[in-house]
Amino acid sequence: ALDSYQSFITLDPPDHTFFRRMVTKEFTVKRMNALRPQVQAVADRLLDAMAARNQPGDLVRDLAGPLPSIVISMMLGVPARHHHDMEILGAQKNDLTVDPAVPAEATRKMVEIIGAVLDDKIRDPGHGEDLLSRLVIDQIRPGHLSRRDAVNIANLLYLAGHETTTNQIALSTVVLLHNPAQRAAMLASPEALAAGVEEMLRFNTIVQYNSARVATADVEIAGHTIRAGDGVYALLTAANHDPAAFPDPERFDVTRDASAHMAFSFGVHQCVGQSLARMELACVFETLFRRFPALELAVPFAALEFKDEQLVHGLRRLPVRW
């Protein structure tokens, strides 16, 4: 069983494989393509509301924050009345600037909401129209998965699928505003858009470092010896800005082949929701600049407030005009 801290990303095979297999099929490219019209509808609705407000807008508040939270809520089958609360709680859960009691309480509240929703699904999963209902039918009822483990899996999906994409949308918007020629090249075709998304993921590397690991044997890397038992962090940003892998890595170039980036990590723990993130980013950036071709920063770049003290890199707010 998974305790209140653990999720399957903290486990090794075969336990990791056992839990991961339960959700892998939910994030296939085919399923994401089927989901895209719903994501498009959410993006359109949020941008309609933003356009109706007074300028300047805040792209974090108006689009980047709510969209990933609403989408993962829709996938899980969490009712709309909880969407805003889950967005706020998800952000609090990642905030390292506050008293540790705040993210702990946010986690407790998220688990409480997810648990209540799951209990409704256990009583009546319908025909498995959403991820939680399918977990009930395929895993909980046959006895493969406990209620607590199902709640922890859903909680992980919120954590992984919300704050990361929120910050990728915000930072990538700034990068594209500062690189109009690159933006034009990226939006020229679906293929260019897909390649541009990979470069965004490489260039920004929202998750700065991977989960802590412990070396199981002595190993030498680039002349440095790591002893068995030493703790190690894999720095994803360093990997994605390694000039040996990506020439001139500090240059944002949507025409480069960035497909070997490590933004989603690597190996058996590679992000299970990467197809969802790619689809959301492609949908957002195709739509945002079509709706607001004159989009621009409403404050000087130096005035932007970056999240520079957290695991997840991003912006607190993004004032824009259009």
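One can find the structure itself at the top, above this paragraph.
These lines cover the structure that appears in this document, whether it is placed above or below. Keep in mind it's a predicted model, so treat the numbers as computed, not measured.

Our focus in this paragraph is the overall build of the protein chain. In terms of helices and strands, the protein chain carries 13 helices and nine strands. Radius of gyration (C-alpha) of the protein chain: 20 Å, near the 20 Å computed for a compact globule of 322 residues. Counted over contacts in the protein chain with a minimum sequence separation of 6, partners at least 24 positions apart contribute 68%. For the protein chain, the distance from the average site of its 32 positive side-chain charges to the average site of its 39 negative ones is 5 Å.

In a beta sheet, neighbouring strands pair by backbone hydrogen bonds and run either parallel or antiparallel. One open sheet holds the three strands; their spatial order is β1-β9-β6, and the pairing between them is antiparallel. A single partner strand is all that each edge strand has here, and the edge strands are β1 (57–58) and β6 (296–297). Pairing between β6 and strand β9 (residues 319–321): two bridges, direction antiparallel. Bridged to Leu-297 within β9 is Val-320.

A word on the side chain of Ser-69. Inspection of the secondary structure assignment puts Ser-69 in helix α4 (residues 66–76). Residues within four places of Ser-69 in sequence aside, it is in contact with His-83, Met-86, Glu-87, Tyr-158 and His-162.

Across all of its chains, the model carries five aromatic pairs by this definition. Here the aromatic rings of Phe-203 and Phe-252 are separated by 5.4 Å at their centres, their planes lie at 70 degrees, and the arrangement is edge-to-face. Placement of the pair is Phe-203 in helix α11 (residues 190–204) and Phe-252 in the loop between α12 (236–240) and α13 (274–291), with a sequence separation of 49 residues. Exposure class is identical for Phe-203 and Phe-252. Each is buried. Ring centres of Phe-292 and Trp-322 lie 5.2 Å apart, and the angle between their planes is 40 degrees; on these two criteria the pair is classed as tilted. Of the two residues, Phe-292 is situated in the loop between α13 and β6 and Trp-322 in the segment after β9; the sequence distance between them amounts to 30 residues.

Ranked by internal contacts, the top residues of the largest apolar core, which has 83 residues, are Leu-67, Leu-76, Leu-276, Phe-285, Leu-288 and Leu-318. It is α13 that contributes the most residues to this core, 10 residues altogether. Those residues in contact with Leu-67 that lie beyond four places of it in its chain are Val-39, Val-42, Ala-43, Leu-46, Glu-280 and Val-284.

Below, the discussion takes up α11. Taking 1.5 Å of rise per residue, the 15 residues of α11 would be expected to cover 21 Å, and the 21 Å separating its terminal C-alpha atoms lies within 8% of that figure. The set of residues buried in α11 consists of Leu-193, Gly-196, Val-197, Glu-198, Glu-199, Met-200, Leu-201, Arg-202, Phe-203 and Asn-204. For α11, the secondary structure elements touched by its buried residues are α9 (163–178), α10 (180–186), α12 and α13. Two residues or fewer after α11 comes Thr-205, characterised by a positive phi angle close to 40 degrees.

The rules behind the values
Residues numbered from 1 in each chain as written. Predicted model: local features only at pLDDT ≥ 70, side-chain atom pairs only at ≥ 80, totals over all residues. Heavy atoms only, no water. Helix = DSSP H or I, 4+ residues; strand = E, 2+ residues; numbered from the N terminus. Rg over C-alpha atoms; globule rule 2.2 N^0.38 Å. Contact = heavy atoms within 4.5 Å. Lys, Arg positive; Asp, Glu negative; His and termini not counted. Charge placed at Lys NZ, Arg CZ, Asp CG, Glu CD. Pairing = 2+ DSSP bridges. Phe/Tyr/Trp six-rings, centres within 6.5 Å; stacked < 30°, edge-to-face > 60°. Buried < 20%, exposed > 50% of the residue type's maximum accessible area, 1.4 Å probe, protein only. Core = buried A, V, L, I, M, F, W, Y, C linked by side-chain atoms within 4.5 Å. Expected span 1.5 Å × (residues − 1).

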